[in-house]
Amino acid sequence: METLEIKNKIKTEKKLMIGAEAVVQSLIEEGADLMFGYPGGAIMPVYDALYDFEDQIKHVLTRHEQGAVHAAQGYARATGKVGVCIATSGPGATNLITGIADAQIDSTPLVCITGQVASHLLGTDAFQETDVIDISMPVTKWNFQVTNAEEIPMAIAKAFYIAKTGKPGPVLIDITKDAQFGEVNFEYKPFIGMRSYLPKPELDRDKVKVASQLIDQAKKPFVLFGQGVILSEAEKEFKAFIEKAGIPSACTILGLSALESDHYLHVGMLGMHGNYAPNKLTNECDVLIAVGMRFDDRVTGDLTKYAKQAKVIHLDIDPAEIDKNVKADVAIIADAKESLMHLTELVKTRKHEAWLNQFRVLEQEEYKEVINEELSPSTEIMSMGEVIHQINELSDKNNIIVTDVGQHQMMACRYAKFKETRSMITSGGLGTMGFCLPAAIGAKMGMPNTQVIAIMGDGGFQMTIQELGTILQCKTPVKMVVLNNEFLGMVRQWQELFFDKRYASTHMVNPDFQTIVKGYGITTKKVEKREELKRAITEMLSHEGSYFLEVMVGKENNVFPMIPTGSAVSDVRLK
């Protein structure tokens, strides 16, 4: 009898743990194998618990909490898994907000965990207390404050479920210090749903039928596709649809890599600095089919002049996106994979050769007026486009490209070529400078066998330059390219075109990047002459460890085509 009691007691004690341990155990139960963060007082119990689980879940110490959340984004975008980041209270928590907002608008699944002061101190302005719940509410899909250890397993299970289902997004769990120390009889149950949250809307087959009839009747149908194709893992279904219906298709920035760049129906990128043909012909199509994209203002330009001649079919999982910017004649609210499968079954097999040829004619015009000069400049000064082109030519094209925000971003989006899905990672909706370097670290850690190339400007690089320390400590073999024009290039371009060349606060006096990078033990090279470029890129791509390549490019080069702000997409300018 005494032996039985001892066994039962041991079994009970194995389930009994403190809240901090429950946090780590819950993450492991959810399959999290990697997290990014920065320790501090209010989250210290969780870090202490992590010490005992290093063989099951790896923690990456970034050099700033913004670096942690961007790294988690890069990991999530590259792998399709939920990214995890962790920070302390007060400034630690608020330093996550930019990345959380970025993840919200770009539909990136994150679970962000923050420490908080003890529950009896809430509202007292205690040391490093900040109301991160109210602060993060507008930029999270869901958030929750844990004040009792017993709440931890369910809160984390719910967080992962919400982050990854439906339209993905970031969630935040704020855990008070006393909850981290409190005891909990740990039992983990995966979250399976709740009454008020329907992540996967039921497909309306009647609307799919109406949409198929419109497509079959169209003479000039046009498909716009976004990241929704990638998020729903509908790449094969999407390709089957456009190939059967024979429809020219253009992507948003976040839709890049959902369809291989050289596909015969891929007619380029939409938007302010997108390709000439898809922008111009948006206002000539008769049926516009939007798949997993939200009609962002950078895509539509002046809404009063946007595709007014066309019937609009909008496929999206999020009802909030329907009619938000562009009114749909047929709205199919469902998972893209499911809706595309049924739509493909119904549409007729067609070719639109004359219509597709209109895109080809405008492509040639863009090549003559813009691309030829960008990729093969007639001046001694190197262009951003030729650097991207050379990287493309010398690599195996199965790279993951991660960019920062600015002119180099637009050049990378325009000239990089993609074969595999999830091979383009950039900050789309929020346009966050400083995103690239930590996001590239996260992407490389998530996809260690894939070459990851970070493409940055000199401005954005310096916003998170401290994450070179993360590369040093973790020996992360990221390839980094800084296109240095000694300007905040995109702002300068607008100042040139719209503010009479009044270059207010856009000229950059930069430090010696080579000296700084060498200080972090990273192999580095600076290229100032065109004849050095090919060899330097080849060396970078073949180098086993991390590599930093700085390329000096034209100070006043501009990105074209361009849709001037407030103009119609058909007013796109080639120069």
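None of the values given here were measured: they were computed from a predicted structure. (Residues numbered from 1 in each chain as written. Predicted model: local features only at pLDDT ≥ 70, side-chain atom pairs only at ≥ 80, totals over all residues. Heavy atoms only, no water.)

With that out of the way, let us pick up the overall build of the protein chain. When you go through the protein chain residue by residue, the secondary structure sums to 24 helices and 20 strands. For the protein chain, the C-alpha radius of gyration of 25 Å lies close to 25 Å, the compact-globule estimate for 575 residues. The principal-axis extents of the C-alpha atoms in the protein chain amount to approximately 85 × 65 × 45 Å. Here the protein chain holds 575 residues, and 59% of them are scored as buried. Surface exposure of the protein chain reaches about 24,200 Å², of which carbon and sulfur atoms provide 50%. Charged side chains in the protein chain number 60 positive and 74 negative. The centres of these two groups are separated by 6 Å. (Helix = DSSP H or I, 4+ residues; strand = E, 2+ residues; numbered from the N terminus. Rg over C-alpha atoms; globule rule 2.2 N^0.38 Å. Buried < 20%, exposed > 50% of the residue type's maximum accessible area, 1.4 Å probe, protein only. Areas by Shrake-Rupley, 256 points an atom, 1.4 Å probe, with all protein chains shown as cover. Lys, Arg positive; Asp, Glu negative; His and termini not counted. Charge placed at Lys NZ, Arg CZ, Asp CG, Glu CD.)

The sheet built from 6 strands is open, its strands ordered 16-15-17-18-20-19 with parallel pairing. Each edge of the open sheet is held by one strand with a lone partner, namely strand 16 (424-425) and strand 19 (523-527). Relative to strand 17 (residues 452-457), strand 15 (residues 400-403) runs parallel, the two being bridged by 4 bridges. Counterpart to Ile-400 in the pairing with strand 17 is Val-452. (Pairing = 2+ DSSP bridges.)

By the definition in use, this model includes 16 salt bridges. Between Lys-164 and Glu-30 there is a salt bridge, with its nearest N and O atoms 3.8 Å apart. Placement of the pair is Lys-164 in helix 8 (residues 152-164) and Glu-30 in the loop between helix 2 (19-29) and strand 2 (34-37), with a sequence separation of 134 residues. We classify Lys-164 as partly exposed; its relative accessible area is 46%. Between Glu-539 and Lys-525 there is a salt bridge, and its shortest N-O distance comes to 3.2 Å. Here Glu-539, found in helix 24 (residues 530-542), pairs with Lys-525, found in strand 19; they are 14 residues apart in sequence, far enough to count as distant. Shared partners join several salt bridges into a network, and the residues in it are Lys-167, Asp-318, Glu-321 and Lys-324. (Salt bridge = Lys/Arg side-chain N within 4 Å of Asp/Glu carboxyl O.)

Right, let's get into the side chain of Gln-180. Along the chain, the position of Gln-180 falls in helix 9 (residues 177-181). Given the relative accessible area of 0%, Gln-180 is considered buried. Sequence-distant contacts of Gln-180, defined by excluding residues within four places in its chain, comprise Ile-18, Gly-19, Ala-20, Ala-42, Ile-43, Met-44, Pro-45, Val-46, Gly-115, Gln-116 and Ile-175. (Contact = heavy atoms within 4.5 Å.)

Right, let's talk about the packing of aromatic side chains for a bit. With the rule as written, the count across this model stands at 13 aromatic pairs. Relative to Phe-548, the ring of Phe-461 has its centre 5.2 Å away and its plane inclined at 35°; by these criteria the two rings are tilted. You can see Phe-461 sitting in helix 20 (residues 458-463) and its partner Phe-548 sitting in strand 20 (residues 547-552), a full 87 residues away along the chain. Among the residues examined, Phe-461 registers a relative accessible area of 0% and is labelled buried. Taken together, Tyr-161, Phe-191 and Tyr-197 form an aromatic cluster joined through their ring pairs. (Phe/Tyr/Trp six-rings, centres within 6.5 Å; stacked < 30°, edge-to-face > 60°.)

Burial analysis of helix 2 places 8 of its 11 residues in the buried class, the great majority of the element. All of the buried residues in helix 2 are Gly-19, Ala-20, Ala-22, Val-23, Val-24, Ser-26, Leu-27 and Ile-28.

On average, residues of the protein chain score 95 in pLDDT, and 98% of them are at 70 or above. Per-residue pLDDT stays below 50 along residues 1-13; that stretch engages in 0 contacts with residues further than four places along the chain or on separate chains. (pLDDT = per-residue confidence, 0-100.)

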